[in-house]
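Working through the structure, step by step
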Amino acid sequence: MFRVFLAIASLLGGLGVAAGAFASHALRDQLTERMLAVFETGVRYQMYHALALGGVALLLARSEVGSGWLTAAGWAFIAGVMIFSGSLYALSLSSVKWLGAVTPLGGVALIAGWGCLAIAALVGK
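Note that this is a predicted model, so its numbers are computed, not measured.

1. What about the packing of helix 1 (residues 2-27) against helix 2 (residues 33-61)?
- Relative orientation of the contacting elements helix 1 and helix 2 amounts to 160°, with a least axis distance of 8 Å. Classed by the angle they form, the pair helix 1 and helix 2 counts as roughly antiparallel. Where helix 1 crosses over helix 2, the two elements pack in a sense that is left-handed.

2. A closer look at the packing of helix 1 against helix 3 (residues 68-94)
- In the contact formed by helix 1 and helix 3, the axes pass within 12 Å of each other and the chain directions differ by 20°. What the angle tells us is that helix 1 and helix 3 run roughly parallel. Here helix 1 runs over helix 3; the crossing is left-handed. Contacts from Val-4, Phe-5, Ile-8, Leu-12, Ala-19 and Leu-27 of helix 1 reach helix 3 at Leu-70, Thr-71, Gly-74, Trp-75, Ile-78, Val-81, Tyr-89 and Leu-93.
- Classifying every residue of the contact of helix 1 with helix 3 gives twelve nonpolar, two polar and no charged.

3. Points about the packing of aromatic side chains
- Summed over all chains, the structure comprises six aromatic pairs.
- Here Phe-5 and Trp-75 contribute two aromatic rings whose centre-to-centre distance is 5.3 Å and whose plane-to-plane angle is 75°, an arrangement assigned as edge-to-face. With Phe-5 in helix 1 and Trp-75 in helix 3, this pair connects stretches of sequence that are 70 residues apart.
- Residue classification places Trp-75 among the partly exposed residues on the basis of a relative accessible area of 41%.
- Pairing Phe-39 with Tyr-89 gives two aromatic rings, centres 4.7 Å apart and planes at 40°, and the pair type is tilted. With Phe-39 in helix 2 and Tyr-89 in helix 3, the pair connects residues that are 50 residues apart, well separated along the chain.
- Among the residues examined, Phe-39 registers a relative accessible area of 4% and is labelled buried.
- Connected via pairs of aromatic rings, a cluster forms that spans Phe-22, Phe-39 and Tyr-89.

4. Things to note about the nonpolar core
- Among the nonpolar cores identified, the biggest contains 32 residues, and Phe-5, Leu-27, Phe-39, Leu-53, Val-56 and Leu-70 are the most heavily contacted of them.
- Those residues within four positions of Leu-53 in sequence are excluded, and the remaining contacts are Phe-5, Ile-8, Ala-9, Leu-12, Gly-74, Phe-77 and Ile-78.

5. Some words on the side chain of Thr-71
- Structurally, the position occupied by Thr-71 is in helix 3.
- Here Ser-67 takes part through its backbone oxygen, which lies 2.7 Å from a polar atom of the side chain of Thr-71.
- Once residues lying within four places of it in the same chain are set aside, the contact partners of Thr-71 are Met-1, Phe-5 and Leu-60.

Cut-offs applied
- Residues numbered from 1 in each chain as written.
- Predicted model: local features only at pLDDT ≥ 70, side-chain atom pairs only at ≥ 80, totals over all residues.
- Heavy atoms only, no water.
- Axes fitted to C-alpha atoms, helices over the stretch in contact; angles between N-to-C directions.
- Helix = DSSP H or I, 4+ residues; strand = E, 2+ residues; numbered from the N terminus.
- Parallel < 35°, antiparallel > 145°, perpendicular 65-115°, else oblique.
- Left-handed = near helix turned anticlockwise from the far one by under 90°.
- Contact = heavy atoms within 4.5 Å.
- Nonpolar A, V, L, I, M, F, W, Y, C, P; charged D, E, K, R; others polar.
- Phe/Tyr/Trp six-rings, centres within 6.5 Å; stacked < 30°, edge-to-face > 60°.
- Buried < 20%, exposed > 50% of the residue type's maximum accessible area, 1.4 Å probe, protein only.
- Core = buried A, V, L, I, M, F, W, Y, C linked by side-chain atoms within 4.5 Å.
- Polar contact = N/O pair within 3.5 Å; in protein donor to acceptor, adjacent residues only side chain to side chain.

If you want it as structure tokens, here you go:
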């Protein structure tokens, strides 16, 4: 899982930089200030969790740290980014309002990832 999570973290980070640049250059004149802020929130959370996933990958590489809760944290971070940031990107680009109702599900997945990481730290499994 170390290599899988590190590769996905790297992709999320690189795509986050690209999305931020896209927002800054191509979308600035295309979106309202509110929708640009929504897009940038998606980028910010994607980058935070790309780094978090990279940290999970590095922890998995350490033999004394258990992998069950860490693996759960990694998958929760991935799902959370896809749902949370993905729905914010889609909302800002399409203005389809019901997509905003999907975003909290991604937030719950991100929170679950942090919870799993905390459990891994406490129980080591």
